[in-house]
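Geometric and topological summary
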Amino acid sequence: MACAQSALAVVLYHAGVGGFAGGYVGVDAFFVLSGYFMATMILRDLSQGTFSIVDFYVRRMRRILPALFVMVAAISALSFWLFMPEELTYYARSARATALFYSNIQFERESGYFDLAAKTKPLLHTWSLSVEEQFYLILPLGLTLLFRIRKGLILPALVLALTASLVWSQLEVQVDQTKAFYLLPFRFWELILGSLIAVYKPALNPAVAEVMPCLGIAGLLFSAMAYSETTAFPGLTALVPCLSAAAIVAFGHQSKMAKALLGNAPMAFIGGISYSIYLWHWPIIIFLPYFYEPASTGTAVGLVIVLSLLFGLVSWRFVELPFRFGSLAVKKPKYAFVILTAVVAFFVSVNAFIISKDGLPQRLKGEASRLYTAKHDGSRFLEPGCFADPDGRGLLAVDVQGGKICRMGAPTARPEFILWGDSHAAAIAPGLDIAASRAGISGVFVGSAGCPPFASGGLIRPDRVGRCDGFNKAVQAFVKESGIGHVLLAAYWRKYLPKSDLPNQSVQSEPPATSASNESAEPVKARLLDHIRELQAIGAEVSLIMDVPEMGYAVPEHLARLSMLGKTPQLEIPRGSVDARQAVARRLLDEVAKELDVNVIDPLPSLCDDHSCNATAGGIVRYKDGDHLSASGAESISFVFDTVLAGMRDRIAAH
C-alpha cells in the first residue's frame, strides 16, 4: 500500500521538487516493504512445507532482473554514445557492479570529493537493489534454519539482528556517513523491521488500528519534507520513515482512511508500476538535458514526472508482466539460471573491456580530444602532499604542525603568506603561485577538501566536522608559530551557507539561479568574523578571495561532447544567474571585509563580462569540472593577485 507514496517521494526528491529535500526516505520505506513481503512469502511456504530456496530465487529473478537488465541495456547504449572516456569508464564499472549485485559497494567506493558528479551516474539508483539482493542471500537461509531448529527463535533472532544493525548504523553515521548510507550491514535493520511485521503484528483495537497507518502516512510525508542532505542519515534518524512504513504495512488493511488515501485507483496503479518507475526515473533525469533544454525548472520537473510514469508503464506492461506471468516467464530453475549466467557474463565482459580500454578515448577526434584533456589539467596543489581529501588522506594536521606543507611563489627562505582553504583554494592556487613568483615573494598552501577555513560544525556533514576543525586548528597554530604575516582565505563560500542550492542537484544541468537566504548567512558571517579577529590578534593581515562562477556543467566533457556532435564547443553562463546564485555569499564577504578592514580579491570580473561568464578564453579551457578552475584557467588570471602582492612586497621592504 505504501509503494506509491515511496516511489513518488523518491521521484520528487531526485527531480528537485521544492519541499521534498528528504524524499530519499522513500527508499527506506521500500526496504521495509521488501523485508515484509519476502518474510511473509518464505514463512508461508515453510509453514506449508512447500518452501524451496531454488524456487524462491527463480521468483525473485523473474520479478527483478528482466526490467533491470532491459533498463541497463538501454542506458548502456546511450552512455556509449554520449559519455566521455572517464564518464564511460565509471559507467562501465557501475554496470558491471549492477550485473553482479554489488553496485552499492561500488558507489560507496566512488564517493570521493572529486568523484564524478552524481548526475553523470545513470545507474546510481541501483545501489538500493543491490542492498536488497544481498539481503535475499541471507533472509531465506536464516529463516529456514531457525524454522527447522525452533520456530520460537525467529522473533527474538530478528529483534536481536535489528537492534545490532541499528546501533551499528547510528555509530557509523558519526564516522562515515557514506558507508552507512550504502552498505547492507547499516541498512539491514530496515529490511528486518519489515520481516518482523510478517512474524508478529500486535492486536490493536479498531480505533487505534484506524489511526496507526494514517500516522505512518504523515510520518513519511514529514520526513520527506523535513529531512535534507545535511541530515545525519540513516541511523536513528531513519526510524521515523521506517516505523511510518511499518505502521502502514502492519495496519493499512484495517484503516478505511489509509485505504482511501493509498488504496484508491490512481495510487494503486502507481504502486503497481512503482518498481519500473523507480528503475527509469533516474536515467531520465540524467539524460533529459542531453536532448531537451526545458524553458524552466518547473517544465523540467513536470517532464521528469510524466516520462517516469510513461516509461514505468511501458516497462511494466511489456517487460515485467510478460517475464513474470506471460509467455516469457522462465519457470524451470535450470533454464532460469543458465539465462541469468549468460546475461550477467555478457554485461560483465563488455564492461570489463570498456574499463580495460579506459573508456575508449579513441572515440574522441581532433578538437574534442583536446578539449577533454582539460579534465586532467590539475596542479600539484591538489596532490596529497599539499591537500587533504574528504577522508583525511593526504595532507594531515600533524604535517601542518610540523611545517611539512607546500611551498609556492619565489623559492626564498621565509614564507610571507599562506593560502588556506578548500578545493576551490587549491584550484586557484596556480594563479597565486605564478603571481607570487613574479613578485619575488614566497608563500605556502594548505587545503582540505570540503572544509571551510573556519569552524565547520552544522555547516558540513557531521562525520567530517572533527576532521575539518582539527585541520583548521593545526593551520591556525602554524600561522601563529611561523610568524607568517599575511593569510589569504579562499573557499567555495556558497557551499557552506545553509539551504544554498548547489550545481548538479536539480533536473537542469545549469545550477538554479537562486542563493541562500540572508538569515542563513548570519551564523557563517559570525564564525568568519571571529576567525579573522583571531588571525589579526596574532599579527596577521587577512585577504578574502571571492569565489569563481559555477558553470554547472562538467566543462571539458560538455565542450568535447558538443564538438563530437558537430556543434560549437562553447559554454557561457548568464552573468545575471551567476550574480543571483552568489549574491548572499558575496555580500557576506563584503560586509566582513568592511567591518574588519581586510582586502578582497575578486576573480569573477576576470572570468565574466557584463553579460556572461565564459568557460573558455583564448583557446584555454578555464575549468576542469563544473566549479573548479583548471590549472591553465587559474594561471590565466594570475594578475588578480598582483595588487595584494605588491602591497605585501612594500611592507616587506619597509621592514
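Along each chain, residues carry numbers from 1 onward, in the same order as the chain's sequence is written. Thresholds applied to this predicted model are a pLDDT of at least 70 for local features of residues and 80 or more for the giving and counting of side-chain atom pairs; totals over whole chains, interfaces and linings are not thresholded and use all residues. Neither water nor hydrogens contribute to the side-chain values; these are computed over all heavy atoms in the structure.

1. Some remarks on unusual backbone geometry
For the bond running from F233 to P234, omega is 10°, close enough to zero to count as cis. For the purposes of this entry, the term helix denotes a DSSP run of H or I that reaches at least four residues, the term strand denotes a run of E that reaches at least two, and both are numbered from the N terminus. Note that P234 resides in the loop between α10 (206-226) and α11 (239-251). A positive phi angle is found at D358, which is not glycine, with a value near 55°. Inspection of the secondary structure puts D358 in the loop between α16 (333-356) and α17 (367-372). Between buried and exposed lies partly exposed: a residue is buried under 20% and exposed over 50% of the maximum accessible area for its type, with that area taken using a 1.4 Å probe on protein chains only. Looking at D358, the relative accessible area reads 53%, which means it is exposed. Phi at D597 is positive, roughly 55°, even though this residue is not glycine.

2. As for the packing of helix α1 (residues 3-14) against helix α2 (residues 25-48)
The axes are straight lines fitted to the C-alpha atoms, using for helices just the contacting stretch, and the angles between their N-to-C directions are given from 0 to 180°. Packing of α1 against α2 brings their axes to within 8 Å, and their N-to-C directions diverge by 150°. Here α1 is positioned roughly antiparallel relative to α2, judged by the angle of their axes. α1 and α2 meet at a crossing whose hand is left-handed. Together, C3, S6, A7, A9 and V10 of α1 and G26, V27, A29, F30 and L33 of α2 make up the contact between the two elements. Of the residues assigned to the contact of α1 with α2, the class counts are eight nonpolar, two polar and no charged. If an angle is under 35 degrees, it is roughly parallel; if it is over 145, roughly antiparallel; if it lies from 65 to 115, roughly perpendicular; otherwise it is oblique. Here is the rule for handedness: rotate from the far helix to the near one, and if that takes an anticlockwise turn smaller than a right angle the crossing is left-handed, while a clockwise turn gives right-handed. Residue contacts follow a heavy-atom distance rule, with two residues in contact if any of their heavy atoms lie within 4.5 Å. Classification used: nonpolar for Ala, Val, Leu, Ile, Met, Phe, Trp, Tyr, Cys and Pro, charged for Asp, Glu, Lys and Arg, polar for all others including Gly.

3. Digging into the state of the cysteines
Throughout, disulfides are identified as pairs of cysteine sulfur atoms within 2.5 Å of each other. In this structure the tally under the stated criterion is three disulfides. Note on cysteine connectivity: C451 is disulfide-linked to C468, with sulfurs 1.9 Å apart. Between C451 and C468 the sulfur-sulfur dihedral comes to about -70°; the bridge is accordingly left-handed. Taken together, the positions of C451 in the loop between β4 (442-448) and α20 (462-482) and C468 in helix α20 put the pair 17 residues apart, joining distant regions of the chain. Using a relative accessible area of 0% as the deciding quantity, one classes C468 as buried. Each sulfur of the disulfide joining C608 and C613 lies 1.9 Å from the other. What sets the handedness of the C608 and C613 disulfide is the S-S torsion sign, and at about 100° it is right-handed. Across the pair, exposure class does not vary: C608 and C613 are buried alike. If you count the bonded cysteines of the protein from the N-terminus, they pair up as 1-2, 3-4, 5-6. C3 carries a free sulfur, and the closest cysteine sulfur to it, the one in C242, is 14 Å from it. Overall, C3 belongs to the buried group, its relative accessible area being 17%.

4. Examining the packing of aromatic side chains
To pair, rings of Phe, Tyr and Trp, with the six-membered ring standing in for Trp, must have centres within 6.5 Å; the planes then decide the type, stacked if under 30 degrees apart, edge-to-face if over 60, and tilted in the middle. Taken as a whole and judged by the stated rule, the model has 24 aromatic pairs. Both rings, one in F381 and one in F445, keep their centres 5.7 Å apart while their planes meet at 80°; by these two values the pair is edge-to-face. Highlighted residues: F381 in the loop between α17 and β1 (387-388) and F445 in strand β4, separated in sequence by 64 residues. One exposure class covers both F381 and F445, and it is buried. Of the aromatic side chains, those joined through ring pairs into one cluster are F51, F56, Y57, F135, Y136 and F188. One residue, R317, lies across the ring of F318, its end atom 5.1 Å from the ring centre. The lysine or arginine in question, R363, covers the ring of F80, its NZ or CZ lying 5.4 Å from the ring centre. Definition used: whenever NZ (Lys) or CZ (Arg) falls within 6 Å of the ring centre and also within 35 degrees of the ring normal, the charge is taken to sit over that ring.

5. Focus: a nonpolar patch on the surface
Taken together, the side chains of W81, F291, Y292, M564 and L565 make up a nonpolar region of the molecular surface, amounting to roughly 510 Å² of accessible area. Along the polypeptide, Y292 turns up in the loop between α14 (274-291) and α15 (297-324). Given the relative accessible area of 40%, Y292 is considered partly exposed. What goes into a patch is any residue over 30% in relative accessible area without a salt bridge, connected to like charges within 9 Å or, for nonpolar side chains (Val, Leu, Ile, Met, Phe, Trp, Tyr), within 5 Å. For the accessible areas, the method is Shrake-Rupley and the probe is 1.4 Å, while residue cover comes only from the protein chains on display. Any Lys or Arg side-chain nitrogen located within 4 Å of an Asp or Glu carboxyl oxygen qualifies as a salt bridge.

6. Quick notes on the pattern of salt bridges
Tallied over the entire structure, the rule returns 22 salt bridges. Across the salt bridge formed by D579 and R575, the nearest N and O atoms sit 3.0 Å from each other. Here R575 and D579 lie together in helix α23 (residues 575-596), a separation of four residues that amounts to about one turn. What makes D579 partly exposed here is its relative accessible area of 31%. Here the salt bridges do not stand alone but share partners, grouping D28, R187 and E190 into one network.

7. Topic: the nonpolar core
The biggest cluster of nonpolar side chains holds 111 residues, and the ones touching the most others in it are F56, L68, M71, Y91, F135, L143 and L279. Broken down by element, the residue count for this core peaks at 14 residues, all from α2. Beyond its immediate chain neighbours, meaning those up to four positions away, L279 contacts A67, L68, M71, H125 and L129. Within this scheme, the nonpolar core is defined by two criteria: the residues are buried Ala, Val, Leu, Ile, Met, Phe, Trp, Tyr or Cys, and they are joined through side-chain atoms within 4.5 Å. C386, Y553, V555 and C608 belong to the second-largest nonpolar core, a separate cluster that totals 53 residues.

8. What about the side chain of S543?
Along the chain, S543 falls in strand β6 (residues 541-545). One polar contact links S543 to H486, side chain to side chain, over a distance of 2.7 Å. As used in this structure description, the phrase polar contact means that two N or O atoms lie within 3.5 Å; if the pair is within protein, one of them must be able to donate a hydrogen and the other to accept it, and residues adjacent in sequence are counted only when both atoms belong to side chains.

9. Some thoughts on helix α19 (residues 423-439)
Compared with an ideal rise of 1.5 Å per residue, which puts 17 residues at 24 Å, α19 spans 24 Å between its outermost C-alpha atoms and is within 8% of the ideal. Where α19 bends most, the angle comes to about 40°, and this point is A429, followed within four residues by the proline P430. Of all 17 residues making up α19, 14 are buried, and the element is well covered by its neighbours. Once α19 finishes, G440 follows within two positions and takes phi at roughly 75°, a positive value. Residue count minus one, scaled by 1.5 Å, sets the expected span of a helix. Bend at a given residue is defined as the angle between two axes, one fitted to the seven residues that end at that position and one fitted to the seven that begin there.

10. What about the environment of I532?
In this fold, I532 is placed in helix α21 (residues 518-537). Each C-alpha atom of the pair I532 and F107 lies 38 Å from the other, and the pair is 425 residues apart in sequence.

11. Side note on the confidence of the model for the protein
If pLDDT is low for a region, its predicted coordinates should not be looked at in detail. Values of pLDDT, which run from 0 to 100, indicate the predictor's confidence residue by residue. Of all residues in the protein, 95% attain a pLDDT of 70 or more, and the chain-wide mean is 90. Below pLDDT 50 for its whole length, residues 504-513 participates in 41 contacts with residues either more than four positions away or in separate chains.

12. Description of the environment of L364
Within the element layout of this structure, L364 appears in the loop between α16 and α17. Put simply, L364 and M564 are 200 residues apart on the chain and 7.0 Å apart in space, counted from C-alpha to C-alpha. When neighbours within four sequence positions are excluded, L364 is seen to be in contact with M84, P85, S369, Y372 and M564.

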